[in-house]
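# Structure at a glance
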Amino acid sequence: MKQTEFLTEQEKVNNLATLSSQGRLNLRETMRNNEATEWVRRYRKKVLEEGRGEAQYWWQQTIADIAKKRGQKAADDLSKRMNEQKDKK
């Protein structure tokens, strides 16, 4: 079963509130990994469009904003996951 297949099962689609504790953890992990993948994609696009220096400046501002809104721990986790995603490809 793919990592996200359990999200599309009919009973899960009807009511995500009924997910088990493990199901919620799996969903949270999937969402965090997908977010990291999306930020890697955006960063690479920014590098192609504006250059590495501008992309790095943009990312520093973005991760600082994320840290303000979600906390430094969440920003560090996102950066870690992005590095893991980047290294996979």
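Attention in this report is confined to the structure presented alongside it. What you are looking at is a predicted structure, and each value in this text was computed from that prediction instead of being measured.

### Quick look at the environment of V47
In this structure, V47 sits in helix α3 (residues 21-50). Sequence-wise, V47 and W58 are 11 residues apart; in three dimensions their C-alpha atoms are separated by 9.9 Å. In this structure, V47 is in contact with R52 and A55, ignoring residues within four places of it in sequence.

### A look at the packing of α3 against helix α5 (residues 72-88)
Put simply, α3 and α5 touch, their axes get as near as 8 Å, and they point 70° apart. With respect to each other, α3 and α5 are oriented roughly perpendicular. Of the residues in α5, those touching α3 at E29, R32, N33, E35, A36, T37, W39, V40 and R44 are D77, L78, R81, M82, Q85 and K86. Among the residues making up the contact of α3 with α5, the classes are represented as 5 nonpolar, 3 polar and 7 charged.

### Side note on the pattern of salt bridges
For the coordinates displayed, the defined rule picks out 8 salt bridges. One salt bridge in this structure joins E35 and R70, with 2.7 Å as the shortest N-O distance. Here E35, found in helix α3, pairs with R70, found in helix α4 (residues 52-70); they are 35 residues apart in sequence, far enough to count as distant. Close ionic contact of E84 with K80 constitutes a salt bridge, the shortest N to O distance being 3.6 Å. Here E84 pairs with K80, and both are found in helix α5, just 4 residues apart, close to one helical turn. Overall, K80 belongs to the partly exposed group, its relative accessible area being 45%. Connected through shared salt-bridge partners, E29, D77 and R81 make up one network.

The rules behind these values
Residues numbered from 1 in each chain as written. Predicted model: local features only at pLDDT ≥ 70, side-chain atom pairs only at ≥ 80, totals over all residues. Heavy atoms only, no water. Helix = DSSP H or I, 4+ residues; strand = E, 2+ residues; numbered from the N terminus. Contact = heavy atoms within 4.5 Å. Axes fitted to C-alpha atoms, helices over the stretch in contact; angles between N-to-C directions. Parallel < 35°, antiparallel > 145°, perpendicular 65-115°, else oblique. Nonpolar A, V, L, I, M, F, W, Y, C, P; charged D, E, K, R; others polar. Salt bridge = Lys/Arg side-chain N within 4 Å of Asp/Glu carboxyl O. Buried < 20%, exposed > 50% of the residue type's maximum accessible area, 1.4 Å probe, protein only.

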